[in-house]
Amino acid sequence: MASLRGKVALVTGAGRYRGLGRAMALRLAEDGADIVVTGLHREPNELPEPEREMGWTGVASLAAEIEDMGRQALAFECDLTDNASVAALVQQARDKFGRIDILVNNAAVPSGAGDTPILDMDDELWYRTVDINLNSVYLITKAVGRLMREREEGGAIINISSTAGRRGIPDYGAYCATKFGIIGLTQQCATEMARFGIRVNCIAPGSHSTDMMDGTIGRTATKFGISTDQVRTGIKGAALMQRQGLPSELAASVSFLAGDDASFVTGQTLNVDGGAHMS
């Protein structure tokens, strides 16, 4: 496919090999876009063992994969909660490509999802979660949205929320609150940016097979004194499709919302969860 040929996409939170961000970036590249990928710097001892064994280096490795596909790529390690870092990221993308047509706001932290009730939550963890999961989306959306407005060629912004942003879940602490906030921010931005030809949509993923989800499953298993297999069985049973999703399946939805086939879609939140929720 080449439906996004000539476009430039920026994908945040793309540093993990088994992450949704990598899958999204690869799918957008497959569909013809050049890609900017960003993620936080991680020391080798912070990497999961499989990443260390394969020599994975985060967004630099992902950029190399994209270039091997024949697309151009820019890797930038960035703290998206810092305005100066965000400005530097957008400037580097502008210097290399001259434009950003697609923004995928995927960066997030789980912050104890599965074992952190509000009444027992550490205040600093709450503030950090809001900063990374919500404030960073505000900062990068503002910076990229201004560039899109200036170029007067429109654009597409896709925010990644969660089905935890659709309804409250016990012991999901700040994670639920920030993911609800993403949906609200999506609708607000859509109302303000439509006149510039910028579409703003959201995806609410259910359980997908990623390192982040594995962490949530592990915390839940520890909390209830059961095995991770038992937790996975419960998760699969909650979906009509009776399984977890694949990152590539979520990436396909991102590609749809980024492209011209979704040219009359804005302000929407799409559940990609195997039928676990219907709203």
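Since the structure is predicted, the reported quantities are computational estimates derived from the model, not experimental observations.

Student: An account of the overall build of the chain is needed here, citing residue identities and associated values.
Tutor: For the chain, the helix and strand inventory stands at nine helices and seven strands. Since a compact globule built from 279 residues should have a radius of gyration of about 19 Å, the 18 Å found for the chain is in line with a globular shape. Taken along its principal axes, the extent of the C-alpha atoms in the chain is 55 × 45 × 40 Å. Each of the 279 residues in the chain was classed as buried or not, and the buried ones make up 51%. Long-range contacts, defined here as pairs at least 24 residues apart, represent 74% of the contacts in the chain between residues at least 6 apart. Per element, the accessible surface of the chain, about 12900 Å² overall, is 51% carbon and sulfur. Positive and negative side-chain charges of the chain, numbering 27 and 34 respectively, have mean locations separated by a distance of 5 Å.

Student: Which residues make up unusual backbone geometry, and what values do they have?
Tutor: Look at Glu152: it is not a glycine, yet its phi comes out positive at around 60°. You can see Glu152 is positioned in the loop between α5 (123–151) and β5 (155–160). The phi torsion at Gln242 lies on the positive side, around 60°, for a residue other than glycine. In this structure, Gln242 sits in the loop between α8 (228–238) and α9 (247–258).

Student: Can you break down the state of the cysteines residue by residue, with the values?
Tutor: For the structure shown, the criterion picks out zero disulfides. No disulfide involves Cys189; its sulfur sits 11 Å from that of Cys202, the nearest cysteine.

Student: I'd like a rundown of the pattern of salt bridges, residues and numbers included.
Tutor: Any two side chains of opposite charge can pair, given that their charged atoms come close. According to the stated counting rule, one finds 11 salt bridges in the structure shown. For Arg99, the salt bridge is made with Asp101, and the minimal N-O distance between the two is 2.7 Å. Among the salt bridges present, the one from Glu153 reaches Arg99, with a minimum N-O distance of 2.9 Å. Taken as a pair, Glu153 in the loop between α5 and β5 and Arg99 in the loop between α4 (83–97) and β4 (102–105) lie far apart in primary sequence, 54 residues in all. By relative accessible area, Arg99 is classed as buried at 18%.

Student: Account for the layout of surface pockets, naming residues and giving values.
Tutor: Each pocket or cavity is described by its volume, and for the second largest pocket that value is around 300 Å³. At seven residues, α5 tops the list of elements feeding residues into the lining of the second largest pocket. Tallied by class, residues from the lining of the second largest pocket come to seven nonpolar, three polar and four charged.

Student: Would you mind going over the nonpolar core in detail, with residue names and values included?
Tutor: Soluble globular proteins tend to pack their nonpolar side chains together in the buried interior. Grouped together as the largest cluster of nonpolar side chains are 33 residues, with contacts concentrated most on Met24, Leu28, Ile35, Val37, Ile66, Val104 and Ile158. With seven residues, the single largest contributor to this core is helix α1 (residues 20–30). Not counting residues up to four positions away in its chain, the partners in contact with Val104 are Leu10, Val11, Thr12, Met24, Leu28, Ile158, Ile160 and Val254. Listed in part, the 31 residues of the second largest apolar core include Leu10, Ile182, Leu185 and Ile198.

Thresholds applied
Residues numbered from 1 in each chain as written. Predicted model: local features only at pLDDT ≥ 70, side-chain atom pairs only at ≥ 80, totals over all residues. Heavy atoms only, no water. Helix = DSSP H or I, 4+ residues; strand = E, 2+ residues; numbered from the N terminus. Rg over C-alpha atoms; globule rule 2.2 N^0.38 Å. Buried < 20%, exposed > 50% of the residue type's maximum accessible area, 1.4 Å probe, protein only. Contact = heavy atoms within 4.5 Å. Areas by Shrake-Rupley, 256 points an atom, 1.4 Å probe, with all protein chains shown as cover. Lys, Arg positive; Asp, Glu negative; His and termini not counted. Charge placed at Lys NZ, Arg CZ, Asp CG, Glu CD. Disulfide = S-S within 2.5 Å. Salt bridge = Lys/Arg side-chain N within 4 Å of Asp/Glu carboxyl O. 1 Å grid on protein atoms, 1.4 Å probe; cavity = no way out; pocket = protein on both sides within 12 Å on 5 of 7 lines; lining within 4 Å. Points joined across faces, edges and corners; volume = space filled by probe spheres on them. Nonpolar A, V, L, I, M, F, W, Y, C, P; charged D, E, K, R; others polar. Core = buried A, V, L, I, M, F, W, Y, C linked by side-chain atoms within 4.5 Å.

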